[in-house]
Amino acid sequence: MKQKIYVVGFGPGDGALMTKQAADVLQAVDLIVGYTTYVALLKEQFPHQNYHATPMRKEVDRCRLVAKEALQGKTVAMVSSGDSGIYGMAGVMLEVLAEMGVDLEVEIVPGLTAASTAAAVLGAPLMHDFAAISLSDCMTPLEQIYRRVRCAAEGDFVICLYNPRSHARTAYLGEAAKIVQEFRSPQTPVGIVRNAGRTGQRAWLTTLDQLHTQPVDMFCIVIIGNSNTYCKNGKMVTPRGYCITSSGSAI
């Protein structure tokens, strides 16, 4: 394997949901670097690899360590759950390398996202246009988050919420639901998946007006349907506009 930095999205955590490309890279590199929780997940699948873990909010330090190890001749993988380019480490890694002024080859390896994994568990809620919005204000001002929620709701997008509620952020999800209700029926279907694609996965359906009462935390993905989303036989579906004939074909 050619020496370089790989930024790897390893999917939700279950080995069956990891791409072959990601698995091949993680098996071959000299060092795997990542957030503590992600490293713990990967150690179960790649127990003989070398790892370096750092806690949350040490992302920039993590990237500098990766660059340093690569400059010393190691082939290194920076890992993210889901897809490395969607709320992952790909952008941070590229920005840090530019700031350091080093010329290292970077390959970004995509992975199965939390949104697509949760959607598959719920049925087919993302069949039409959707918006992904994080309710964490660690990186984005809260006012801007709510503005994005409002715009997505007004545009009738299905809305996929990441980081919906934490111990410190207990009210943001309820406020987001109120904003969406300005444009959507209180009975709009909402799907929630906890630990999507991981051990302990749990999924359930509710409605927009009941969202604020749900036991949602940082391990959950929340999908709010658009004006046409419905639930049937325990599945959440957002129709795309196909005309289904009596024979069952789509035209």
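Residues numbered from 1 in each chain as written. Predicted model: local features only at pLDDT ≥ 70, side-chain atom pairs only at ≥ 80, totals over all residues. Heavy atoms only, no water.

**Student:** Hey, could you go over the overall build of the protein chain for me, with residue numbers and the actual values?
**Tutor:** What the protein chain contains, in helices and strands, is seven helices and 13 strands. Over its C-alpha trace the protein chain gives a radius of gyration of 20 Å, about what one expects of a compact globule, namely 18 Å for 251 residues. If one aligns the C-alpha atoms of the protein chain with their principal axes, the spans along those axes are about 60 × 45 × 30 Å. Going through the 251 residues of the protein chain one by one, you find that 45% of them count as buried. A sequence separation of at least 24 residues applies to 69% of the contacts in the protein chain between residues at least 6 apart. Counting only carbon and sulfur atoms, one obtains 52% of the accessible surface of the protein chain, whose full area is about 12600 Å². Positive and negative side-chain charges in the protein chain, numbering 23 and 22 respectively, have mean positions lying 4 Å apart. (Helix = DSSP H or I, 4+ residues; strand = E, 2+ residues; numbered from the N terminus. Rg over C-alpha atoms; globule rule 2.2 N^0.38 Å. Buried < 20%, exposed > 50% of the residue type's maximum accessible area, 1.4 Å probe, protein only. Contact = heavy atoms within 4.5 Å. Areas by Shrake-Rupley, 256 points an atom, 1.4 Å probe, with all protein chains shown as cover. Lys, Arg positive; Asp, Glu negative; His and termini not counted. Charge placed at Lys NZ, Arg CZ, Asp CG, Glu CD.)

**Student:** Please set out the sheet that holds strand β13 (residues 235-237) residue by residue, giving values where relevant.
**Tutor:** The strands making up a sheet associate through hydrogen bonds between their backbones, and the pairing can be parallel or antiparallel. As summarised here, the arrangement of the three strands in space is β6-β13-β12, forming an open sheet in which the pairing is mixed. This sheet does not close on itself; its edge strands, each paired only once, are β6 (123-124) and β12 (230-232). In this structure, β6 lies alongside β13, joined through two bridges in parallel fashion. Of the residues in β13, the one forming a bridge with glycine 123 is methionine 236. (Pairing = 2+ DSSP bridges.)

**Student:** With reference to specific residues and values, describe the packing of aromatic side chains.
**Tutor:** Inspection of the entire model under this criterion finds four aromatic pairs. Ring geometry for phenylalanine 10 versus tyrosine 38: centroids 5.8 Å apart, planes at 75 degrees, classification edge-to-face. One end of the pair, phenylalanine 10, is in the loop between β1 (5-9) and α1 (20-28); the other, tyrosine 38, is in helix α2 (residues 36-45), and 28 residues separate them in sequence. On the accessibility criterion, tyrosine 38 (22% relative accessible area) is partly exposed. Look at tyrosine 35 and tyrosine 38: their rings are 5.1 Å apart centre to centre, the planes differ by 90 degrees, and that puts the pair in the edge-to-face class. (Phe/Tyr/Trp six-rings, centres within 6.5 Å; stacked < 30°, edge-to-face > 60°.)

**Student:** With reference to specific residues and values, describe the nonpolar core.
**Tutor:** By size, the foremost hydrophobic cluster in this structure holds 25 residues, and its most contacted members are Ile159, Leu161, Ile192, Leu211, Val222 and Ile224. Elements represented by at least two residues in this core include exactly β7 (130-134), α6 (142-154), β8 (158-162), α7 (172-181), β9 (189-194) and β11 (220-224). Take this core: its biggest share by element is six residues, from α7. Setting aside its immediate chain neighbours within four residues, isoleucine 159 contacts Ala131, Ile133, Val149, Ala152, Ala153, Val180, Arg184, Val222, Ile223 and Ile224. (Core = buried A, V, L, I, M, F, W, Y, C linked by side-chain atoms within 4.5 Å.)

**Student:** Outline α1, supporting the account with residue identities and numerical values.
**Tutor:** Taken residue by residue, α1 has Ala22, Val25 and Leu26 as its buried positions. Viewed along the axis of α1, the buried residues span an arc of 95 degrees, placing them on a single side of the element. Across α1 from its buried face, at more than 90 degrees, point the exposed residues Lys20 and Gln27. If you follow the buried residues of α1, they end up packed against β1, β2 (31-35), α2, β4 (76-80) and β5 (106-109). (Arc of directions from axis to C-beta.)

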